[in-house]
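Here is how the chains run, residue by residue.
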Amino acid sequence: MTNLAAGPREQLAEQLAEAAAEALRQDLSQNDRALLVLSGGSTPVPFFQALARQELPWERVDVTLADERWVSETDEASNARLVRRHLLQDQAASARFVSLTTDDETPEQGVEAVTRRIETLSWPASLVVLGMGGDGHTASLFPDSRELELGLTTDAPVLATRTPSQPQARITLSADRLHQARRHVLHIIGDDKRSVLARALSGDDSRELPIRAFLSCPLAVYWAP
């Protein structure tokens, strides 16, 4: 695991955008399409904006999410809304976005349709960009979720999750599917997140801190205070 960058958040976002664009260029030189898997939340917004300015054959790039809240894409809490607003602009407007939600009432009802979508994409992904919460969760693999064990062990690509600490039901890619990438990045900001990562590195129980499920694979950590 390598710590590639630390510094002001805007500089970090630019560096990560350049690295992501280079990964996509490399894979597009050998394949018709490339897949980028992103995380939501407030941390990646500057990264999305910087990546949108990168010159790439975006029409050959598929973009999807590591996880999603089961809400409408017009909802403030929607990760898809975040991606459309901040990434699928400028140069990146021609990328193909693949969402993780359907019109079904619950994620359990939508899992089958979302699974079919995900399985049509160009795996292994060029890059998976993970985030991490203060509780050590990544994607929607939460330590207090009753589906955590399944999320860490299933070979199914997608599962519905419900977590006592979160107001919305969610859908997430499984750890197995998230591992199916040529490159993995953890993008975090703030001293609190650095402390959580340090604690994660000092143990190996992924059920306590789910981010640990990804610390054994090559993982580039992009951190800024």
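- The name given to the chain in an unreviewed UniProt entry is 6-phosphogluconolactonase, with Billgrantia zhangzhouensis as the source organism.
- The chain has a UniProt comment under Pathway (unreviewed entry) that states "Carbohydrate degradation; pentose phosphate pathway; D-ribulose 5-phosphate from D-glucose 6-phosphate (oxidative stage): step 2/3."
- Turning to the chain, the UniProt record has this under Catalytic activity (unreviewed entry): "6-phospho-D-glucono-1,5-lactone + H2O = 6-phospho-D-gluconate + H(+)".

### Some details on the overall build of the chain
Point 1. Summing up its helical and strand segments, the chain has seven helices and 10 strands in all.
Point 2. Once the C-alpha set of the chain is aligned to its principal axes, its extents read approximately 40 × 40 × 30 Å.
Point 3. Expressed as a percentage of its 225 residues, the buried residues of the chain come to 57%.
Point 4. Within the chain, contacts between residues at least 6 apart in sequence are counted, and of these 73% link residues at least 24 apart.
Point 5. Approximately 9800 Å² of the chain is accessible, and the part contributed by carbon and sulfur atoms is 44%.

### Some words on the pattern of salt bridges
Point 1. For the structure on display, the rule yields 16 salt bridges.
Point 2. Taking the shortest distance from any N to any O, the salt bridge between R25 and E22 comes out at 3.5 Å. In this pair, R25 and E22 are both assigned in helix 1 (residues 9-28), three residues apart and thus about one turn of the helix distant.
Point 3. In this structure R25 comes out as partly exposed when scored by relative accessible area, which is 32%.
Point 4. Three or more residues are tied together by salt bridges with common partners; here these are D27, R182 and R183.

### What about the UniProt feature "domain: Glucosamine/galactosamine-6-phosphate isomerase" (unreviewed entry) in the chain?
Point 1. Per the UniProt record, "domain: Glucosamine/galactosamine-6-phosphate isomerase" (unreviewed entry) is found at residues 9-215.
Point 2. For residues 9-215, helix accounts for 34% and strand for 16%, while the C-alpha atoms at its two ends are 23 Å apart.

The rules we used
- Residues numbered from 1 in each chain as written.
- Predicted model: local features only at pLDDT ≥ 70, side-chain atom pairs only at ≥ 80, totals over all residues.
- Heavy atoms only, no water.
- UniProt positions renumbered as here; feature names shortened; annotations may be inferred.
- Helix = DSSP H or I, 4+ residues; strand = E, 2+ residues; numbered from the N terminus.
- Buried < 20%, exposed > 50% of the residue type's maximum accessible area, 1.4 Å probe, protein only.
- Contact = heavy atoms within 4.5 Å.
- Areas by Shrake-Rupley, 256 points an atom, 1.4 Å probe, with all protein chains shown as cover.
- Salt bridge = Lys/Arg side-chain N within 4 Å of Asp/Glu carboxyl O.

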